[in-house]
Amino acid sequence: MLATLLCNCNHSHKSLSSLNGKDSVFLVVGSYSKKQDEGIKVFSFNQNTGESTYRGGHAGIANPSFLCASKKGDRIYAVSETGGAEAAAHSLAFRAEDATLALTSSSPTHGSAPCHIALSPSEDFLYTANYMGGSISEFPLTAEGKIGEGRALPFSGKSIVASRQDKPYLHAVYFTPDGSTLLANDLGTDRIHTFPLTGEKDSIRFQSLTDIHIKAGAGPRHLCFHPKGHRAYLLGELSGEVYVLAQKEGKWDIVQTVLADSLHAGGSADIHCSPDGRFLYASHRLKGDGLSIMKIHPEDGTLERVGYQIPALCYHVAVTMSPKFKRLLPLVQNVPASPKSSPKGKDFNSDEKLPSLQGGVGGRQGIRFHRGTRPEHSTGCILVVADNPSRSREL
């Protein structure tokens, strides 16, 4: 699969030096690949023209299927979505001056098929969701960002869809906007496990404070937060529904349920809120692959479905925007194994085919998407990183 990192290329951080001015960014693209192959590639990308150019890459990590980045963008963290001893988290140093990546540390997850990775707010700890292992893992980080020995927390239980929910399947880990709690989405048990920080840096208390119970058979996959932080939007992979969660006195409750996938394909994938907080996009696959578009009520954050778009020329199950929100960046199928360039950026954007999509998502959040329901069906994920957090918030 692909994990793509976009980095603004102005000079506010030396690690993200200029390519062609402030409208050029880097794409750091990971994939499902063999260890000996160049599983992570680096491209330059012009947000105005859509042109992308291959710059180099890194070999030595099997299946680097999901990435996250430090706030400065000088460190990249990748999972190795494999089984056994090779299932691991990795750190890489990113040099924008020559667009190179160098492996700096690795640590086993002690849980099979890590599929999602997140940094704690202070960047003292790293967390993975281990899909087949039914667990999450926590890793301490050194001052240089190197990964220490991790510890895994396994879960138990199941739910009503026997073919997909026979055990826990941890799909994603997120920190709440206030940085106080880690959320772990469990597709297999229809729960979101919540873990408060201990107060000792950003380590979590390895006992779930409380579980957020989702509708049986929902299959919690990914979620996103409204820019104001007062609402969370959870996408059920199996139910095709979006669940609106409101926080009150530290507890999250479902206040609305909206059907996003009217084809009931059981393949909903990704969800993101536009940066202005006006629209929500949820992606779907297996039938009518495309995006459901929902309007967000400005007062209470509830949803109204207003459209569905099936993009041309791409298997569109993830959406993000470049840091200036000039380019919609879906992934198309059949990206070349060793691309020298991508004419007019067609492998990385098709915004001209989606005129109704005016929002997007920025920041540092990775986006996972699949062609099917198993790892071998995966196509990729996209991670957007701006070099200047204050600039990202202003856009």
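Residues numbered from 1 in each chain as written. Predicted model: local features only at pLDDT ≥ 70, side-chain atom pairs only at ≥ 80, totals over all residues. Heavy atoms only, no water.

**Brief notes about the nonpolar core**
Grouped together as the largest cluster of nonpolar side chains are 15 residues, with contacts concentrated most on Tyr127, Ile136, Val173, Leu182, Phe195 and Ile204. Secondary-structure elements contributing two or more residues to this core are strand E10 (125-130), strand E13 (170-175) and strand E14 (181-186). For valine 173, the residues in contact, after removing those within four places along its chain, are His116, Ile117, Ala118, Tyr127, Thr128, Ala129, Ile136, Leu182, Leu183 and Ala184. (Core = buried A, V, L, I, M, F, W, Y, C linked by side-chain atoms within 4.5 Å. Buried < 20%, exposed > 50% of the residue type's maximum accessible area, 1.4 Å probe, protein only. Helix = DSSP H or I, 4+ residues; strand = E, 2+ residues; numbered from the N terminus. Contact = heavy atoms within 4.5 Å.)

**With respect to the side chain of glutamate 241**
Locating glutamate 241 in the fold gives a position in strand E19 (residues 241-248). Residue contacts for glutamate 241: discarding those within four places in its chain leaves Lys215, Leu234, Leu235, Gly236, Thr257, Val258, Leu259 and Ala260.

**Points about the side chain of histidine 284**
Along the polypeptide, histidine 284 turns up in strand E22 (residues 279-284). Of the polar contacts made by the side chain of histidine 284, one reaches the backbone oxygen of alanine 282; its length is 3.3 Å. A polar atom in the side chain of histidine 284 sits 2.9 Å from the side chain of serine 292. (Polar contact = N/O pair within 3.5 Å; in protein donor to acceptor, adjacent residues only side chain to side chain.)

**Some words on the sheet that holds strand E21 (residues 268-273)**
With antiparallel pairing, the four strands of this open sheet are ordered in space as E21-E22-E23-E24. With one partner strand each, in any of the chains shown, E21 and strand E24 (303-309) form the two edges of the open sheet. Here the average twist between neighbouring strands, direction ignored, is 20°. For strand E23 (residues 290-296) and E24, the ladder comprises six bridges, and the chain directions are antiparallel. (Pairing = 2+ DSSP bridges. Axes fitted to C-alpha atoms, helices over the stretch in contact; angles between N-to-C directions.)

**Considering the packing of aromatic side chains**
Enumeration over the complete set of coordinates arrives at six aromatic pairs. On the basis of an interplanar angle of 65° and a centroid distance of 5.6 Å, the ring pair of tyrosine 127 and phenylalanine 175 is categorised as edge-to-face. Of this pair, tyrosine 127 sits in strand E10 while phenylalanine 175 sits in strand E13, placing them 48 residues apart in sequence. No difference in accessibility class separates tyrosine 127 from phenylalanine 175, as the two residues are buried. (Phe/Tyr/Trp six-rings, centres within 6.5 Å; stacked < 30°, edge-to-face > 60°.)

**Points about the pattern of salt bridges**
Scanning the model with the defined rule gives ten salt bridges in all. Note that arginine 75 is salt-bridged to glutamate 123, the shortest N-O span being 3.2 Å. With arginine 75 in strand E6 (residues 75-80) and glutamate 123 in the loop between strand E9 (114-119) and E10, this pair connects stretches of sequence that are 48 residues apart. Considered together, arginine 75 and glutamate 123 belong to a single accessibility category, that of buried residues. (Salt bridge = Lys/Arg side-chain N within 4 Å of Asp/Glu carboxyl O.)

**Details of the confidence of the model for the protein**
Averaged over all residues, the pLDDT of the protein equals 77, while 71% of them reach at least 70. Per-element confidence in the protein ranges from a low mean pLDDT of 26 for helix H1 (residues 389-394) to a high of 98 for strand E18 (residues 231-236). Throughout residues 313-319 the model reports pLDDT below 50, and contacts reaching past four residues in sequence, or to other chains, amount to 41 contacts. Counting interchain partners and residues more than four positions distant, the pLDDT-below-50 stretch residues 330-395 has 235 contacts. (pLDDT = per-residue confidence, 0-100.)

**Description of the pairing of E9**
Most of E9 is tucked away: six of the six residues are buried. Strand direction decides the pairing type here: E9 and E10, joined by five bridges, are antiparallel. What sits directly across from proline 114, in E10, is asparagine 130. The antiparallel pairing of E9 with E10 creates a hairpin that spans five residues between the two strands, and glutamate 123 there sits at a positive phi of about 65°.

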